[in-house]
Amino acid sequence: MIKSGKIFGKVRILANNKVYAFLGPHCSGKSTMVSQLMSMGIHYVPTITTRNFDDRYAYKRRLYQSVKPDEFAAEKFIIKSSYQGNSYGIRKQDVLESYQRHKVSIMLMQEPEGIKQLSKFINQDLVTIFLMIDDVVFVDRMLRAGCSNDEIKYYVEYAENNKEFENWKATDFVVKNVSTPRAALEQILAVMGLVTLVPQADFDKLVK
């Protein structure tokens, strides 16, 4: 059982050398969950992108490293994808260094095709988690984010045309994120085997 703290405090890691990749449709809470885990001290593998995030999505600036298209083209990626005209990538070097130096790392994945590419390098030590939401939550979160009707229509059609809600079939675990962020985070921590509160000093030793 997960013991509660203010957020969850620091937690004992039961798994060794794992990389957890999060997938899910727009507004599924991927950035929120990863940000929460980062605040608890979990190492994050950055995503490189050509997108520049405006003030509405300013919180994503700590998750994504924005570069110019020519800089993106010069990088060596293990995973590359495109979304809404922007390019996204995970550097091979970042993944391998994270895997070698940290017992647990987390990352964001745009498309399920990247799972096969990652598996070639870390195989059974890659764990994929799909964040699932329903249509009602999908639209409600976009409204709360200040999306216009045109934007909502675009995201709904994109998700349907690209079958984003069916990507759970390619992942190891599915976490429903339809209520509070805390409820989803509890499920994620259980999947990751982060269950026992420990002092900060002990936690630092475990993840380094």
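Placed above this text is the structure.
Scope of this entry: the structure provided in the associated data block. All of these numbers come straight from a predicted model, not from anything done at the bench. (Residues numbered from 1 in each chain as written. Predicted model: local features only at pLDDT ≥ 70, side-chain atom pairs only at ≥ 80, totals over all residues. Heavy atoms only, no water.)

### Observations concerning the environment of Pro 46
Step number 1: Following the sequence through the fold, Pro 46 ends up in the loop between strand 3 (43–45) and strand 4 (47–49).
Step number 2: Residue classification places Pro 46 among the buried residues on the basis of a relative accessible area of 17%.
Step number 3: For the pair formed by Pro 46 and Arg 91, sequence separation is 45 residues and the distance between their alpha carbons is 8.3 Å.
Step number 4: Beyond its immediate stretch of four places on either side in the chain, Pro 46 contacts Leu 63, Gln 65, Gly 89, Ile 90, Arg 91 and Asp 94. (Helix = DSSP H or I, 4+ residues; strand = E, 2+ residues; numbered from the N terminus. Buried < 20%, exposed > 50% of the residue type's maximum accessible area, 1.4 Å probe, protein only. Contact = heavy atoms within 4.5 Å.)

### Comments concerning the environment of Gly 29
Step number 1: Structurally, Gly 29 is set in the loop between strand 2 (18–23) and helix 1 (30–39).
Step number 2: C-alpha separation for the pair Gly 29 and Asn 177, spaced 148 residues apart in sequence, amounts to 7.2 Å.
Step number 3: In this structure, Gly 29 is in contact with Leu 131, Arg 141 and Asn 177, ignoring residues within four places of it in sequence.

### Regarding unusual backbone geometry
Step number 1: Here the phi dihedral of Cys 27 falls at roughly 70 degrees; this positive angle occurs in a residue that is not glycine.
Step number 2: Even without being a glycine, Gln 84 presents a positive backbone phi close to 55 degrees.
Step number 3: As for its placement among the helices and strands, Gln 84 is situated in the loop between strand 6 (77–83) and strand 7 (86–91).

### Observations regarding the sheet that holds strand 4
Step number 1: Strand order in the open sheet made by the four strands is 5-4-7-6, with mixed pairing throughout. In the strand order of this sheet, the two ends are held by strand 5 (64–66) and strand 6, each with one partner. The mean angle between the axes of side-by-side strands here comes to 25 degrees, regardless of whether they run parallel or antiparallel.
Step number 2: In this sheet, strand 7 lies alongside strand 6 in antiparallel orientation, the contact comprising six bridges. Paired with Lys 80 across the two strands is Gly 89, which belongs to strand 7.
Step number 3: Against the sheet, helix 3 (residues 92–101) contacts strand 6 and strand 7, and its axis sits at roughly 35 degrees relative to strand 7. (Pairing = 2+ DSSP bridges. Axes fitted to C-alpha atoms, helices over the stretch in contact; angles between N-to-C directions.)

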